[in-house]
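Topology and contacts: notes
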Amino acid sequence: MRVQRLAALLFVTVLIALLAPVRAESLDRPSLTVGDYWTYRTNTSFEAGFDLLGQVTSSVTAGESATILNVSQDVFRVVLNGSGTISGQVSGLVGTGSVSGTWIVTGEELLETDQLKTVSSVLDLSVDGLFQGVVPFSIRATNTTTYHVVFDGWRFPVSVGSSGAVNLSYVYTQDFFAFGNQSHARGAGNLTLTYSMGNGISLDTPAGRFTAYPIREAWPDGTYEERYFSAAVGNDVKTESYNGTGVLVSTAILQSYRYQVLEPARFLGLTLVEWGLLVPILAGVGIVGIVLWRRSRKKRVLPPSLREPPT
């Protein structure tokens, strides 16, 4: 009788486990620290016919208070620096030919600390090159945009299979200079971005192998990004950008990083593991030193002038 009851109880336990909802994988908000950084290898293709190859680093430089569109809030300041080379074929008023040169990008983002939404961005791109190896040209582009989050439907923690939308209002200015022509634009508007997250996958990068979750960020004009976010890095390990027709135009893959919240605790510059290895070595060296010192005292012989006279 007891065996039958145990069997029935086991059956019910298993049945409950099978029928219980499976807890979805989720991602918590990254815990940023001043000094965190992420360096990416980048490859961007322009419809004009040339590519930008290089490296970009984003660094958390400060946590502070800022007033954005008359709203005071706590933010992280993230500084962007990058450089690389350009190459390709272009067609224009002067004909079709090769281009080569270099590019430099600098920028800065302010991320509100609660959900890490961008509330301000400044981006400056400079390109200097040669057309057909002999004709110099320069391109300068600067964009400054501030955002106000009207509605946030995509908030941490986010889980696999979830989706949401973020409504923003924005104000921007943009200056563009190319081939002796300069333009200036400014404006304001509203924007809705939609997000969704897929199952985690394993990705190999120059910085290592990580479990990453694809997060799609879609814009109203049909462009979108596939961002592969890793909790171990506190940021994306890979990003792919697509134009409105679904053509891949830009990639960024993680080369190196520092995410301090997951680093081992340190004391006087060493981790607990390093102290655990170092302390026995220091203790051993101390013991050997004491033994040698005591032996040297036993072997020491006083000079005749310091001996007591015979009695």
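Above this note sits the structure.
Residues numbered from 1 in each chain as written. Predicted model: local features only at pLDDT ≥ 70, side-chain atom pairs only at ≥ 80, totals over all residues. Heavy atoms only, no water.

**Let's talk about the packing of aromatic side chains**
In plain terms, the rule: Any pair of Phe, Tyr and Trp rings, taking the six-membered ring for Trp, is counted once the centres come within 6.5 Å. Such a pair is stacked with planes under 30 degrees apart, edge-to-face with planes over 60 apart, and tilted for the rest. Relative accessible area decides the class of each residue, using a 1.4 Å probe on protein chains only: under 20% of the type maximum gives buried, over 50% gives exposed, and in between gives partly exposed. Helix numbering and strand numbering both begin at the N terminus, where a helix is a DSSP run of H or I of at least 4 residues and a strand a DSSP run of E of at least 2.
Inspection of every chain in the model, using the stated rule, returns five aromatic pairs. Ring plane angle 25 degrees and centroid distance 5.2 Å describe the contact between F46 and F50, whose orientation is recorded as stacked. Residue F46 is classed as partly exposed on the basis of its relative accessible area of 37%. Residue F50 is classed as buried on the basis of its relative accessible area of 13%. With a centroid separation of 4.8 Å and 10 degrees between ring planes, the pair formed by Y224 and Y242 is classed as stacked. Separated by 18 residues along the polypeptide, Y224 in strand β13 (residues 224–230) and Y242 in strand β14 (residues 235–242) bring together distant segments of the chain. Of the two residues examined, Y224 and Y242, each falls in the buried class.

**What about the pairing of strand β15 (residues 248–258)?**
The condition that has to hold: At least two DSSP bridges between two strands are needed for those strands to be called paired.
Across eight bridges, the pairing between strand β2 (residues 37–45) and β15 is antiparallel. Within β15, the residue paired with Y40 across the bridge is L254. When β14 meets β15, the two strands line up antiparallel, connected through five bridges. Bridged to K238 within β15 is I253. Counting the residues in the hairpin turn of β14 and β15 gives five residues, including G246, whose phi is positive at 85 degrees.

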